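# Working through the structure, step by step
If you want the building blocks of each chain, they are given just below.
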Amino acid sequence: MLVDKIYNVEKTINEYEIIQNILNESQRLKSIEEQIKICNEELEDLINIKLAFDSLFIGNTDFLDELNKMVEKIDISFQENPEHANNMISNLITKIRTYNSELKIEWNKYFSLNYSNILGTLELLKKVSDNTEIIRLHSKIKIIGNRWPIFVEDINELKLLNINAEKLIDKLDINEDIQKFLILTLNKQATVRDLDSNILKWLRDTHADENIVLSFKKQDI
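Residues numbered from 1 in each chain as written. Predicted model: local features only at pLDDT ≥ 70, side-chain atom pairs only at ≥ 80, totals over all residues. Heavy atoms only, no water.

## Let's talk about helix α4 (residues 132-146)
Taking 1.5 Å per residue as the helical rise, α4 with its 15 residues ought to reach 21 Å, and the 21 Å between its terminal C-alpha atoms agrees with that figure. Of all the positions in α4, only Ile134, Leu137, His138, Ile141, Ile144 and Gly145 are classed as buried. All buried residues of α4 project into a common sector of 140 degrees when viewed along the axis, lining one side. The exposed residues of α4 that point more than 90 degrees off its buried face are Thr132 and Asn146. With a side-chain oxygen lying 2.8 Å from the backbone nitrogen of glutamate 133, the N-terminal cap of α4 falls on asparagine 131. (Helix = DSSP H or I, 4+ residues; strand = E, 2+ residues; numbered from the N terminus. Expected span 1.5 Å × (residues − 1). Buried < 20%, exposed > 50% of the residue type's maximum accessible area, 1.4 Å probe, protein only. Arc of directions from axis to C-beta. Polar contact = N/O pair within 3.5 Å; in protein donor to acceptor, adjacent residues only side chain to side chain.)

The following block contains the structure:
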């Protein structure tokens, strides 16, 4: 009968709607799961960054209480309204990334303040020396300075590299006059007048004289 056919069609539609609702809910839960995964990874990074900063006594890292309260609210909301919890998770990720960006700026300032001089000296020495240890130390320190996120193990490695770099520079016995001469040489401004017996001796002892070339200032027209 026609009524039976209509009933069967209506039943099929209802079943389809039920299945569709289940699929939609499953998709929403999957989206929330992905958000939670991202949140966990970024929160773990932020906590490790905090530990690194605390070891250096730099930066404002008093944010765990705030983030912990946000996590607690998400946990409560998830039991009542998963969709609303998803929005809260998005807000938490945004907050985590804000703190991450602020700490990255703080790290760049710290690294520049504490390691720019040693990097500059190593950069000068690279130009006039064939010592592979100079090249290695310069490269490793620079890599860590540009690394983000930064963790405690990176800080420990950086401190060791800095100690080794200072020992190497001390061993090469570079005084202020030699540094000035190397800077002038790097900028192609060094002249014979800038050389003295101490600088010449240092250049010969370190074999840096083999990598420095003086030229005429005036060129033929």
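## What about the nonpolar core?
Side chains that are nonpolar tend, in soluble globular proteins, to be buried together. Grouped together as the largest cluster of nonpolar side chains are 52 residues, with contacts concentrated most on Leu67, Trp107, Leu122, Leu125, Ile141, Leu182 and Trp202. Mapped onto this core, the elements with two or more residues apiece are α1 (2-56), α2 (64-80), α3 (82-128), α4, α5 (152-172), α6 (176-186) and α7 (197-205). With 17 residues, α3 is the largest single contributor of residues to this core. (Core = buried A, V, L, I, M, F, W, Y, C linked by side-chain atoms within 4.5 Å.)

## Examining the environment of glutamate 106
Tracing the backbone shows glutamate 106 in helix α3. Sequence separation of glutamate 106 and phenylalanine 53 is 53 residues, and the distance between their C-alpha atoms is 9.4 Å. Ignoring anything within four residues of it in the chain, the contact list for glutamate 106 reads Phe53 and Gly59. (Contact = heavy atoms within 4.5 Å.)

## Points about the pattern of salt bridges
What the rule picks out here adds up to eight salt bridges. A salt bridge links lysine 180 to glutamate 176; the shortest N-O distance between them is 3.5 Å. Note that lysine 180 and glutamate 176 are positioned in helix α6 at a spacing of four residues, about one turn of the helix. A relative accessible area of 47% places lysine 180 in the partly exposed class. (Salt bridge = Lys/Arg side-chain N within 4 Å of Asp/Glu carboxyl O.)

## Some points on the packing of α6 against α7
At a minimum axis distance of 10 Å, the contact between α6 and α7 shows a crossing angle of 75 degrees. As summarised for this structure, α6 and α7 are arranged roughly perpendicular, according to the angle between their axes. Only Ile199, Trp202 and Leu203 of α7 make contact with α6, whose side of the interface consists of Asp177, Ile178, Phe181 and Leu182. Its residues placed into classes, the contact of α6 with α7 shows six nonpolar, no polar and one charged. (Axes fitted to C-alpha atoms, helices over the stretch in contact; angles between N-to-C directions. Parallel < 35°, antiparallel > 145°, perpendicular 65-115°, else oblique. Nonpolar A, V, L, I, M, F, W, Y, C, P; charged D, E, K, R; others polar.)

## A look at the layout of surface pockets
The calculated volume of the second largest pocket comes to roughly 210 Å³. Lining the second largest pocket we find Ile36, Cys39, Asn40, Leu43, Val71, Ile74, Asp75, Phe78, Ile89 and Leu92. When residues of the lining of the second largest pocket are traced back to their parent elements, those giving at least two are α1, α2 and α3. When its residues are assigned to classes, the lining of the second largest pocket shows eight nonpolar, one polar and one charged. (1 Å grid on protein atoms, 1.4 Å probe; cavity = no way out; pocket = protein on both sides within 12 Å on 5 of 7 lines; lining within 4 Å. Points joined across faces, edges and corners; volume = space filled by probe spheres on them.)

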